[in-house]
Amino acid sequence: MEIKRNEKTAVNTVELEIAVTGADFESAIQQAYRKDVAKINVPGFRRGKAPRKIIEQLYGKAVFYEEAVNSATPAAYEAAVKEAALEPVAQPELEIVSIDENGFVFKAVVTTKPVATVGDYQSIRAERKVDEVTDADVDAAIERLAQRNARIETVERPAENGDIAVIDYEGLLDGTAFEGGSAEDYELKLGSGTFIPGFEDQVVGHSAGEQFDVNVSFPEDYHAEDLKGKAVVFKVRLHEVKKSTLPTLDDEFAKDVSEFDTLAALRDDERAKLVKTREHNADQAFESAIMEKLSAITDVEIPDAMIESRIDNIAEDFAYRFQMQGISMDQYFKMTGSNMEDFRASFKDRATMQVKISLALEAVAKAENITVTPEDIEAEYVKLAGENGKVEQIKSYISADALAHDMIAERAMNLLKEIAAKEPIETAEAEKPAEAAEGENA
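Undergrad: Go over the overall build of the protein with me, naming the residues and quoting the values.
TA: Summing up its helical and strand segments, the protein has 16 helices and 11 strands in all. On C-alpha atoms alone, the protein measures out to a radius of gyration of 33 Å, which is more than a quarter above the 22 Å that the 2.2 N^0.38 rule sets for 442 residues. The principal-axis extents of the C-alpha atoms in the protein amount to approximately 95 × 85 × 55 Å. Sorting the 442 residues of the protein into buried and exposed places 33% on the buried side. If you take every contact in the protein between residues at least 6 apart in sequence, the share linking residues at least 24 apart comes to 66%. Carbon and sulfur atoms make up 48% of the accessible area of the protein, which totals about 27,200 Å². Computing the positive centroid from 51 side-chain charges and the negative centroid from 88, the protein places the two 6 Å apart.

Here you go:
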């Protein structure tokens, strides 16, 4: 492999002209011959037994060139990128420049990873504020526990707010059923605000066995374009009315819903959980504030390929989480009246910010000489493996380079947290007497 040309043609774009000559090309042709010989019919020879020269005489010297080029190009490209010290962020655009029996030359347009320029990150300041957990917060947590453990029983009376109505419904727009507007045996908590405004109010007062119409209008900001602001009729059949009875909040309740023997102990545990959650929320908000300020002082031109790749990751994460709930992405799109194009567009800003912050953290790490050792990486693998101890399994899907990158980014962020938590900077300019400042302006 030989790099014949290495030229930066645009921001984050490099064109390489790479030659594969001599023995490398001959080796690739011979490999192509061995791979394809069984597919080629040559009179006088059993299939797969025809010599290479006979095939080349019969079909032309270039008969194996395409396969040989496809075989030799990836390794030549990887070697050229390494020699040129480039860090690609997308698949290259490849084009054959020339080819003959002595080798071939191809052009690779490489999108390279940008280098961010970060301003005075030492001046970043942010407040880590933890919201206090009050008795009222604990009361609300206990109330939620009670709601989840309420006794549900069927009642023979008209439905009231707070009841659960088991209904079938079908939505009609101008007399025609619309997608996503029907269900059977749906359990609707009246007064919960689950359905569009006005629907639940019109179920109140009806009894099991009744059929009736619910007339409502979709909100102007509804996600489905064809239903925004539209008046519709829902055909409703009420099957059952259920009443929810809350348990008495006492020690017996605590024993029923937890491992604790007293309500006081249960309250203490709920308080501890709330404290932990708010500590976590404070950390998240603190980090977000730092990232916002870091982004504001970072200058970088991000290739579209990096943003699209990050959106790919976001989409994969969403698909996995939906799958865990038994929902496919297609079902999600139907429920929300959207599509993959809309989904990707909605996450473009988030993806752009994530890529920008990642590049900024790399720049901070480089400026601060933040590194990790092989021992650090191995210890992190052990940590990730946890109690199951399957370190090799973790290594099989997280490369050492990827793990090192994440560890360095985390250390850079930890440094920024230390900086941000310092006392606010008192600038010398703010402390100057007015007359001194005037003298400087004279």
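Having seen it, we continue.
Undergrad: Lay out the pattern of salt bridges in plain terms, naming residues and giving numbers.
TA: Under the defined criterion, the tally for this structure stands at 31 salt bridges. Lys113 is paired through a salt bridge with Glu362; the nearest N and O atoms lie 2.6 Å apart. One end of the pair, Lys113, is in the loop between strand E4 (103-111) and strand E5 (117-118); the other, Glu362, is in helix H11 (residues 348-367), and 249 residues separate them in sequence. For Glu308, the salt bridge goes to Arg344, with nearest N and O atoms at 2.8 Å. Remark: Arg344 occurs in helix H10 (residues 340-346) and Glu308 occurs in helix H8 (residues 304-324); sequence separation between them is 36 residues.

Undergrad: Explain the packing of aromatic side chains to me, and be specific about the residues and the numbers.
TA: Under the counting rule described, the total for this entry stands at 21 aromatic pairs. Here the aromatic rings of Phe199 and Phe234 are separated by 5.2 Å at their centres, their planes lie at 80 degrees, and the arrangement is edge-to-face. Taken together, the residues Phe199 in helix H5 (residues 199-203) and Phe234 in strand E10 (residues 231-245) connect sequence positions 35 residues apart. When its relative accessible area of 0% is taken as the criterion, Phe199 is described as buried. Aromatic side chains Phe333 and Phe343 sit 6.3 Å apart centroid to centroid with 70 degrees between the ring planes, which places their arrangement in the edge-to-face category. Here Phe333 is found in helix H9 (residues 329-336), whereas its partner Phe343 is found in helix H10, with 10 residues between them in sequence. Here a set of aromatic residues connected by ring pairs shows up, and it is made of Tyr169, Phe178, Tyr186, Phe195, Phe199, Phe218, Tyr222 and Phe234. One residue, Arg321, lies across the ring of Phe318, its end atom 4.7 Å from the ring centre.

Undergrad: Any chance you could break down the nonpolar core for me, citing the residues and the numbers?
TA: Formed by 29 residues in total, the largest nonpolar core has its most connected members in Leu16, Ile18, Phe25, Ile55 and Phe106. Sorting the residues of this core by element identifies strand E2 (13-21), helix H1 (22-36), helix H3 (65-83) and E4 as the ones contributing at least two each. Here this core takes 8 residues from H3, the largest share from any one element. Ignoring anything within four residues of it in the chain, the contact list for Ile55 reads Tyr33, Val37, Ile40, Val42, Ala50, Gly60, Val63 and Phe64. Ranked by size, the runner-up nonpolar core spans 24 residues in total, among them Ala165, Ile196, Phe212 and Val241.

Undergrad: Break down a nonpolar patch on the surface for me, citing the residues and quoting the values.
TA: A contiguous nonpolar patch, built from Leu58, Tyr59 and Val63 and spanning about 270 Å² of accessible area, is present on the exposed surface. Tracing the sequence through the fold places Tyr59 in helix H2 (residues 52-59). Given the relative accessible area of 46%, Tyr59 is considered partly exposed.

Undergrad: Please provide a residue-by-residue account of the environment of Val110, values included.
TA: With respect to the helices and strands, Val110 occurs in strand E4. Looking at Val110, the relative accessible area reads 0%, which means it is buried. Placed 102 residues apart in sequence, Val110 and Lys8 show a C-alpha to C-alpha distance of 9.4 Å. Ignoring sequence-local partners within four residues, the contact set of Val110 consists of Asn12, Thr13, Val14, Leu16, Tyr77, Leu86 and Pro88.

Undergrad: Pulling in residues and values, what's your account of the packing of helix H12 (residues 374-385) against helix H14 (residues 400-420)?
TA: Pairs of packed helices are described in terms of their axes, by the angle between the two and the distance that separates them. Relative orientation of the contacting elements H12 and H14 amounts to 95 degrees, with a least axis distance of 10 Å. When the axes of H12 and H14 are compared, the pair comes out roughly perpendicular. Of H14, the residues touching H12 (which contributes Asp376, Ile377, Glu380, Tyr381 and Leu384) are Ala400, Leu403, Ala404, Met407 and Arg411.

Undergrad: Talk me through the environment of Asp131; I want residue IDs and the actual numbers.
TA: Counting through the fold element by element, Asp131 comes out in the loop between E5 and helix H4 (135-148). Separated by 61 residues in sequence, Asp131 and Asn70 have C-alpha atoms that sit 60 Å apart.

Undergrad: Now, about the pairing of E2: what can you tell me, with residues and values included?
TA: The buried fraction of E2 is high, at 8 of 9 residues. The pairing of strand E1 (residues 2-10) with E2 spans 7 bridges and is antiparallel. Across the sheet, the residue bridging to Glu2 is Ala19, located in E2. In this structure, the hairpin formed by E1 and E2 is closed by a connection of 2 residues, where Asn12 is found at a positive phi of approximately 60 degrees. As paired elements, E2 and E4 share 9 bridges and run antiparallel to each other. For Thr13, the partnering residue across the bridge sits in E4 and is Thr111.

Undergrad: Please give an account of H2 that cites residues and values.
TA: Within H2, the full set of buried residues consists of Arg52, Ile55 and Glu56. The buried residues of H2 occupy an angular sector of 100 degrees when projected down its axis, which confines them to one face. Among the exposed residues of H2, those pointing more than 90 degrees away from its buried face are Lys53 and Gln57. Here the buried face of H2 lies against H1.

The rules behind each value
Residues numbered from 1 in each chain as written. Predicted model: local features only at pLDDT ≥ 70, side-chain atom pairs only at ≥ 80, totals over all residues. Heavy atoms only, no water. Helix = DSSP H or I, 4+ residues; strand = E, 2+ residues; numbered from the N terminus. Rg over C-alpha atoms; globule rule 2.2 N^0.38 Å. Buried < 20%, exposed > 50% of the residue type's maximum accessible area, 1.4 Å probe, protein only. Contact = heavy atoms within 4.5 Å. Areas by Shrake-Rupley, 256 points an atom, 1.4 Å probe, with all protein chains shown as cover. Lys, Arg positive; Asp, Glu negative; His and termini not counted. Charge placed at Lys NZ, Arg CZ, Asp CG, Glu CD. Salt bridge = Lys/Arg side-chain N within 4 Å of Asp/Glu carboxyl O. Phe/Tyr/Trp six-rings, centres within 6.5 Å; stacked < 30°, edge-to-face > 60°. Lys NZ or Arg CZ within 6 Å of the ring centre and 35° of its normal. Core = buried A, V, L, I, M, F, W, Y, C linked by side-chain atoms within 4.5 Å. Patch = residues over 30% accessible without salt bridge, like charges linked within 9 Å, V, L, I, M, F, W, Y side chains within 5 Å. Axes fitted to C-alpha atoms, helices over the stretch in contact; angles between N-to-C directions. Parallel < 35°, antiparallel > 145°, perpendicular 65-115°, else oblique. Pairing = 2+ DSSP bridges. Arc of directions from axis to C-beta.

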